[in-house]
Each structure stands twice: as structure tokens, then as C-alpha cells.
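Understanding the architecture of this molecule
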Amino acid sequence: MMRYPESMALPEVESRSNRFLSWMAVFAIGSFFIGYVVTPWAYDFGPALLLALTFLTLGFQWRQVRDRLDGESLKFLGALGFYFASQVVILCFHGEDVSEFDLSFRYLAAGLVLLFLLVNPISAAQLFLFVGIGGLVTGAYALYSASFQDTSRLQTFDNPIHFGNGALALACLCLAGLIWGLRERRGAWWVALMAVGLAGGIVASLLSGTRSGWVAFPVLVVLLFIVYRDRFSSRWRWLPWCVLVTVLLPACFAQVDVVEKRMLTAGEQFTRYFEDGVSGTSVGLRLDMYRAGLTAFSENPLIGIGPTGTEATVDELVRVGDIHPRVDKFRHLHNQYIDNMARYGVFGLVGFLVLLLVPFALFLAKTRSGLPSVRALGLAGVLFVGLHGVVNLTQSMLERNIGVMMFVFVVVFLWAALKREERIADKSDAPVTAVD
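A word on the nonpolar core
- The biggest cluster of nonpolar side chains holds 107 residues, and the ones touching the most others in it are Phe 33, Leu 117, Leu 127, Phe 128 and Phe 413.
- For this core, the element with the highest residue contribution is helix α16 (residues 401–428), accounting for 17 residues.
- Formed by 18 residues, the second largest nonpolar core is a distinct cluster that contains Ala 266, Val 283, Tyr 290 and Ile 323.

Have a look at this one:
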């Protein structure tokens, strides 16, 4: 019979019902990460189960929720609530159809799930276990599909962009888990799993042909060095390695055929757009979408013109020949920042920045913790949010159900696990020293 590390034990629970709810949370989050980008039901099933449990138990567990709702978690909830409110108020002002509110209410749902998970959390070890398995499954799928699919870009149930960026997100989480595993009991087991998951996520990202994730790679390397700057600054012998990793790894990636071809094609398309006016390419269509979005934003900079108004602006620009006709076929503008500006104006842009920056700042602060598990989860959050900050420059990830679910629930799961680790350490009165 397999024996799990002690750190995977569930926290103390007050009753048999609490124990059942904790294991249900483990099951829901495990299914979410293991099938993160390879099954269409994974990003719906786990969150839906957690939301149902929240509605069923929140009234009974409210006293526990209130006791565990500290100032940092309130800020986290505030970011979700502010983004939800900024969208809903503006959608109401523009008189949008009720279907347009669906995406916004998912942020409210994520906030409610966070309340449930503060009382029934998952541990760092359990979370990293599922993340590692998810990376392994994703990499195995990518390699298997590459052997049998005659296609230049791999994907699963959705388009290659969500597959590639989701795989890279798993790789970021596995990297944090790898660093955590180095200091755990049975560290060799953890390092092996996290390394395989990390490799699987990177391989799947490369085979997907998704350029936005590759653009984010240097940013992720910089964030990693920022988090561990104390280690580097006090040991100058690390400096050459930092330079080596920053310069050579992207150069090595560029030698992969699919990466090289995709990046060269992007550069060529960018040049042709501005020099020859060729807009029917992948890059050209995006640039035309950005033009359309900025035109829509200029009509009402404060609160935008809503989803319906943005679509009307795109239709008009297509009609007069200012942008390529194919732009009219897309449901969003392939840039979350511009999309928010067009639909919701400055308020929408601020709401999106709050959604990114508040969790990012909270996770970044936790990377200074003396608890290895807390520091690793903080690093995971920093890399994950940082990745989405970059990929949303060329893709509106939050304008589709899958994009919202793949982002907002991961940060909620990470934060709930992080707070659990802090709480367990406080209860044990274990001495926590500053990181050297």
C-alpha cells in the first residue's frame, strides 16, 4: 500500500462532515488540474462541485469562514468583487442582454468558492501532486498526438492557444513545485514528478505553436530571479548562471522548428502589415482588431460602448473597408486590455488591472515567507498571474468561459492552499525564520 508524505495529511477537522467536505474539495481540485487542458469537462466539473458545496454548507460554516477571513483574503476577494461589479454595472448601463452577464458572474462564483476553501482547504502537497500529474498527462497527450496527428499545431477539445497557454501554466506551477520538493521529505519522488510535469507542460506548449506563451517566457525568467534575488545578490557566483539562463534558454527554444517558423512568420506578417497593408494574416488580423478596439474605446473612454456596441463598431469598420472582413468572424479582439477598454472603458481596464495586480502583489509578498510551502505557492501564483498578464496582450483569455475558469479558479486554489499552510504553521507554533 502506497504511503504518502506526512505533509499530504489533511488538516485537523472538527467533525466527520468536515472531513468529508475536505476530501470532496481534494477530489474537485484534483480533477480540475489533472484534466486542465485535455478534457472539456475538467474546468467546469471541479468548480461546479465546489460551488454546489459552498451553497449547501456556507450557512453552517459561516462562523469558521469569518474566523479565517483575514485582511489579505479580504483583499483577494475585493479584487474579484471589484472586477465583477465593474463589469455588471457597465453592462446594465448599456442595457446588454442577460447572456452577457455569464462571464462576470464566474468571478462572483470564484469568490464564494474561496470562502468554502478557507474552511475546507487543500494542502500544498496535494495541490502540487495534482499539478504534477496534470503536467505529465498533458505532455503525454502532446507526444502521443504528435505521433499520430498530421497537423502543425496540436490542440485538444479547444483551440491551440488555450491548449498551449494552459500547458505552459501547468509548467509554471510544476516549476514552483519542483523548488518546493527539493526541501521536502522524499524529495527525490517530488522532484521527479515535478520535473516530468514541467517538461510535459513545456513540450505541449512548444507543439501547440502558441507564440504568446513563448513571448512570456523571458518575463517568467525575470520574475523567478526577482523572487530569489536574495539568493543571487548574496552569492555573486550565481550571476553568470542567471545571464546564461536568460539568454541561452530562449535561444535554444528558438532552434525548435515549430518555434522558429512561427516566430519568423510573425515578424514577416508584422512587416507586411505596415509596409504593404497586408491584413489577412494572423498578425495582420490582430492589428486590425486592435484598431477596431481603440476606435470603439474612443467613442466612450469612460465606460466603453459595451459588447454589442463593440460588435457594431467592428461591423461598421468592415463595411467601409478600414479593416479586414475576417475580423467580423471573431468573438473578441485578441487583446484583453483593449477588449476591456472597448467594452467597459477606463473602468473596465482598471478592473482588469486590479484583477491581475492585487493577487500578484499578495502572492509576491508570500515569496518572502520562511515557510517553504508558502513561498512555493507564492512563487506559483506570481508565475501564473505573470504569464496571464503577458499572454493577454495577444489573446482575450477572459472573453471565453474556458479562459475565465482556467485563470480565476487556479488563483483561488493557490491562495486557499497557501492560507492553509500558514494556518497549520501557526497552530503548531513552529518557529519561522526569515529566508536567508
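Right, picking up where we left off after that structure.
Some remarks on the packing of helix α12 (residues 282–299) against helix α14 (residues 336–366)
- Two elements in contact, α12 and α14, have axes separated by 8 Å at closest approach and are oriented at 15°. With respect to α14, the element α12 is oriented roughly parallel. Of the two possible hands of crossing, α12 and α14 adopt the one that is left-handed. Judged by residue contacts, Tyr 290, Gly 293, Leu 294, Ala 296 and Phe 297 of α12 engage Ile 338, Met 341, Ala 342, Gly 345 and Val 346 from α14.
- For the contact of α12 with α14, the per-class residue count stands at eight nonpolar, two polar and no charged.

A look at the packing of aromatic side chains
- This model, assessed by the stated rule, comprises 20 aromatic pairs.
- Between the aromatic rings of Phe 33 and Phe 413, the centroid separation amounts to 6.0 Å while the plane-to-plane angle is 70°, which identifies the pairing as edge-to-face. Here Phe 33 is found in helix α1 (residues 16–34), whereas its partner Phe 413 is found in helix α16, with 380 residues between them in sequence. Per residue, the accessibility class of Phe 33 equals that of Phe 413, and both read buried.
- One aromatic cluster is present, formed by Phe 32, Phe 33, Tyr 36, Phe 409 and Phe 413 through successive ring pairs.

Some thoughts on the confidence of the model for the protein
- In this model, the protein carries a mean pLDDT of 83, and residues with pLDDT of at least 70 account for 83%.
- In the predicted structure, residues 9–14 sits below a pLDDT of 50 and forms 15 contacts with residues beyond four places in sequence or in another chain.
- Counting contacts from residues 430–436, a segment whose pLDDT is below 50, to residues more than four positions away or on other chains yields 13 contacts.

Considerations on the pattern of salt bridges
- In total, this model carries 11 salt bridges according to the counting rule given.
- Between Lys 366 and Glu 72 there is a salt bridge, with the nearest N and O atoms lying 2.8 Å from each other. Taken together, the residues span a long stretch of sequence, with Lys 366 in helix α14 and Glu 72 in helix α3 (residues 71–93) at a distance of 294 residues.
- For Lys 366, a relative accessible area of 9% gives the class buried.
- Overall, the relative accessible area of 26% leaves Glu 72 in the partly exposed class.
- The partner of Asp 102 in a salt bridge is Arg 106, and the shortest N-O contact between them spans 3.1 Å. Taken together, the residues span about one helical turn, with Asp 102 and Arg 106 both in helix α4 (residues 102–119) at a distance of four residues.
- Given the relative accessible area of 17%, Arg 106 is considered buried.
- Shared partners join several salt bridges into a network, and the residues in it are Asp 70, Glu 72, Lys 366, Lys 419 and Glu 422.

Description of the packing of helix α6 (residues 160–181) against helix α7 (residues 187–208)
- Contact pair α6 / α7: the axes reach a minimum separation of 7 Å and the direction vectors enclose 160°. For the element pair α6 / α7, the angle class is roughly antiparallel. By crossing handedness, the relation of α6 to α7 is classed as left-handed. Side by side, α6 and α7 meet where Pro 160, Phe 163, Gly 164, Ala 167, Leu 168, Ala 171, Cys 174, Leu 175, Gly 177, Leu 178, Trp 180 and Gly 181 of the first sit next to Gly 187, Trp 190, Val 191, Met 194, Ala 195, Gly 197, Leu 198, Gly 201, Ile 202, Ala 204, Ser 205 and Ser 208 of the second.

What to know about the environment of Leu 355
- Looking at where Leu 355 falls in the secondary structure, it is placed in helix α14.
- For Leu 355, a relative accessible area of 2% puts it in the buried group.
- The contact partners of Leu 355, leaving out residues within four places of it in the chain, are Ala 79, Leu 80, Tyr 83, Tyr 107, Leu 398 and Phe 407.

Some thoughts on a nonpolar patch on the surface
- Together, Phe 27, Trp 41 and Phe 45 make up an exposed nonpolar region whose accessible area comes to about 330 Å².
- Within the element layout of this structure, Phe 45 appears in helix α2 (residues 42–68).

Some thoughts on the layout of surface pockets
- Roughly 440 Å³ of internal volume is contained in the second largest pocket.
- Taken together, 19 residues make up the lining of the second largest pocket; nearest its centre are Glu 100, Glu 311, Arg 331, Arg 343 and Glu 399.
- Listing elements by their share of the lining of the second largest pocket, those giving two or more residues are α4, α13 (306–319) and α14.
- Across the lining of the second largest pocket, the residue classes tally to seven nonpolar, four polar and eight charged.

Calculation notes
- Residues numbered from 1 in each chain as written.
- Predicted model: local features only at pLDDT ≥ 70, side-chain atom pairs only at ≥ 80, totals over all residues.
- Heavy atoms only, no water.
- Core = buried A, V, L, I, M, F, W, Y, C linked by side-chain atoms within 4.5 Å.
- Buried < 20%, exposed > 50% of the residue type's maximum accessible area, 1.4 Å probe, protein only.
- Helix = DSSP H or I, 4+ residues; strand = E, 2+ residues; numbered from the N terminus.
- Axes fitted to C-alpha atoms, helices over the stretch in contact; angles between N-to-C directions.
- Parallel < 35°, antiparallel > 145°, perpendicular 65-115°, else oblique.
- Left-handed = near helix turned anticlockwise from the far one by under 90°.
- Contact = heavy atoms within 4.5 Å.
- Nonpolar A, V, L, I, M, F, W, Y, C, P; charged D, E, K, R; others polar.
- Phe/Tyr/Trp six-rings, centres within 6.5 Å; stacked < 30°, edge-to-face > 60°.
- pLDDT = per-residue confidence, 0-100.
- Salt bridge = Lys/Arg side-chain N within 4 Å of Asp/Glu carboxyl O.
- Patch = residues over 30% accessible without salt bridge, like charges linked within 9 Å, V, L, I, M, F, W, Y side chains within 5 Å.
- Areas by Shrake-Rupley, 256 points an atom, 1.4 Å probe, with all protein chains shown as cover.
- 1 Å grid on protein atoms, 1.4 Å probe; cavity = no way out; pocket = protein on both sides within 12 Å on 5 of 7 lines; lining within 4 Å.
- Points joined across faces, edges and corners; volume = space filled by probe spheres on them.

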